[in-house]
Amino acid sequence: MPRRLGKNLNGYFGERIEVATVLRDCLAAARTNGWSAEDIPVNENLSLPALMRRGRVISSPGAEPPRVYLSAGIHGDEPAGPLAMRQLLRENRWPQGLSLWLCPCLNPDGFARNRRENAAGADLNRQYLNPQAAETAAHIAWLERQPAFDLCLCLHEDWEAHGFYLYELNPDNRPSLGREIVRRVARVCPIDTSPTIEGRVATEGVIRPTLDPRDRPQWPESFYLLTHKTRLSYTLEAPSDFALAARVAALVIGVNTALALLPLRPENPHPPGNHCP
Ligand SMILES: [Zn+2]
């Protein structure tokens, strides 16, 4: 089992990625495997890739498959997310019965600078209530055109963490996927079992924030998703003071576990329509 490297003190000092190459690889794998692709225009120099794949419910061909949204790369110093997206697209082991929407990198300019924020210095994951950043405004405009999702997964990293952990936003108390995700990730990556993580109560690597998004002025992507697009969201946090391969493996297993469990849930839910503002 990998151990803490001890080199990421007060910031991330680990491996960097050539994000343009990773995104080209994502697109190539997606095209090979029958996904459709869209560029979300941000400005004349920047666009965000979005990938879509329509699922099929084999047991009842007319049925609408559950819809899942995945994103990564909103923080430019968290390379494991886009790398996990690339691996998932290359492996192409997505459950047939799910429709998928995938944003493999929401902050390409941040990766070019190896820093959390975008080129203008904005933390894009604090922009989702009143977006000032062009990336976030473009992303929200795109999300508004998409249907509601049964599940949203946001891939992140945390250089302070002692292991993998996740945030679960599940206001209707649906059957939780959190514990099983952690249990399976534990095969490849240590879990942060601290009783508090990032100032929040955690249970065996699962944080269930009880905050009402309306009380918070700086929304992360997940608050926007919970308010407008879904009733079940997980933010997966790989520990970036561990070897990159273990972090990528943790995120890949986390995603695969969530996708495998979703169709098995009793209510096979759909949120009530697209309740965008
Ligand atoms: Zn992050």
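On a predicted model such as this, the values are computed, not experimentally measured, just so you know.

Undergrad: What is the right way to look at the coordination of the zinc ion in this model?
TA: Any two of four tetrahedral donors ideally make an angle of 109.5 degrees at the metal, while pairs among six octahedral donors ideally make 90 or 180 degrees. Protein-derived ligands of the zinc ion are His 75 (ND1), Glu 78 (OE), Glu 78 (OE) and His 156 (ND1), with the metal-ligand distances lying across 2.1 to 2.3 Å. Here the zinc ion binds four donor atoms, and the angle range of 58 to 153° at the metal identifies the geometry as irregular. Of note, the zinc ion draws all its donor residues from one chain, in the sequence arrangement H-x2-E-x77-H. Among the residues examined, Glu 78 registers a relative accessible area of 6% and is labelled buried.

Undergrad: Would you mind showing me how to read the packing of helix 5 (residues 178-185) against helix 7 (residues 244-261) here?
TA: For any two helices packed against each other, the geometry is given by the interaxial angle and the distance between the axes. Remark: helix 5 packs on helix 7, axes separated minimally by 9 Å, with the N-to-C direction vectors making an angle of 140°. In this view, helix 5 runs oblique relative to helix 7, as classed from their interaxial angle. Considering how the two elements wind past one another, helix 5 and helix 7 form a crossing that is right-handed. Across the interface between the two elements, Glu 180, Ile 181, Arg 184 and Val 185 of helix 5 pack against Ala 250, Ile 253, Gly 254, Thr 257, Ala 258 and Leu 261 of helix 7. Taken together, the residues of the contact of helix 5 with helix 7 sort by class into six nonpolar, two polar and two charged.

Undergrad: Help me out: how do you make sense of the confidence of the model for the protein in this one?
TA: Parts of the prediction with low pLDDT should not have their coordinates interpreted in detail. Across the protein, pLDDT averages 92, with 95% of residues at or above 70. Taken together, the stretch residues 268-277 has pLDDT below 50 and engages in 27 contacts with residues farther than four places along the chain or on a different chain.

Undergrad: Looking at this structure, how should I read the nonpolar core?
TA: Across soluble globular proteins, nonpolar side chains show a tendency to be buried alongside one another. By size, the foremost hydrophobic cluster in this structure holds 50 residues, and its most contacted members are Leu 151 and Phe 164. Listing elements by their share of this core, those giving two or more residues are helix 1 (19-32), strand 3 (67-72), helix 2 (80-91), strand 4 (99-103), strand 5 (151-158), helix 5, strand 10 (233-239) and helix 7. No other element matches the nine residues that helix 7 contributes to this core. One finds Ile 40, Leu 46, Trp 101 and Trp 219 within the second-largest nonpolar core, a separate group that totals 28 residues.

Undergrad: Looking at this model, I keep getting lost on helix 1. Mind explaining?
TA: Spacing of three or four residues puts side chains on the same side of an α-helix, whose turn is 3.6 residues. Taking 1.5 Å as the rise per residue, helix 1 with 14 residues should run 20 Å; its terminal C-alpha atoms sit 20 Å apart, in good agreement. Where helix 1 is buried, its residues contact strand 2 (46-53), helix 2 and helix 3 (108-113). Downstream of helix 1 by one or two residues, Gly 34 has phi in the positive range, about 85°.

Undergrad: Could you clarify how one ought to interpret unusual backbone geometry in this entry?
TA: Trans peptide bonds make up the majority, and among non-glycine residues the majority have a negative phi. One non-glycine residue with positive phi stands out, namely Asn 10, at about 60°. Locating Asn 10 in the fold gives a position in the segment before helix 1. A relative accessible area of 74% means that Asn 10 is categorised as exposed. One non-glycine residue, Asn 92, lies in positive phi territory at about 55°. Structurally, the position occupied by Asn 92 is in the loop between helix 2 and strand 4. Among the residues examined, Asn 92 registers a relative accessible area of 30% and is labelled partly exposed.

Undergrad: Can you help me understand the sheet that holds strand 1 (residues 36-43) in this one?
TA: Through backbone hydrogen bonds, the strands of a sheet pair up, either in parallel or in antiparallel fashion. Strand order in this open sheet of 10 strands is 1-2-4-3-5-10-6-9-8-7, and the pairing throughout is mixed. In the strand order of this sheet, the two ends are held by strand 1 and strand 7 (196-197), each with one partner. Alignment of strand 6 (residues 165-169) against strand 9 (residues 206-207), held across two bridges, turns out to be parallel. Pairing of Tyr 167 across the sheet is with Ile 207, part of strand 9.

Criteria and cut-off values
Residues numbered from 1 in each chain as written. Predicted model: local features only at pLDDT ≥ 70, side-chain atom pairs only at ≥ 80, totals over all residues. Heavy atoms only, no water. Donors = N, O, S within 2.8 Å, 3.2 Å for Na, K, Ca; no water. Tetrahedral: all angles 85-135°; square planar, octahedral: opposite > 155°, others 65-115°. Buried < 20%, exposed > 50% of the residue type's maximum accessible area, 1.4 Å probe, protein only. Axes fitted to C-alpha atoms, helices over the stretch in contact; angles between N-to-C directions. Helix = DSSP H or I, 4+ residues; strand = E, 2+ residues; numbered from the N terminus. Parallel < 35°, antiparallel > 145°, perpendicular 65-115°, else oblique. Left-handed = near helix turned anticlockwise from the far one by under 90°. Contact = heavy atoms within 4.5 Å. Nonpolar A, V, L, I, M, F, W, Y, C, P; charged D, E, K, R; others polar. pLDDT = per-residue confidence, 0-100. Core = buried A, V, L, I, M, F, W, Y, C linked by side-chain atoms within 4.5 Å. Expected span 1.5 Å × (residues − 1). Pairing = 2+ DSSP bridges.

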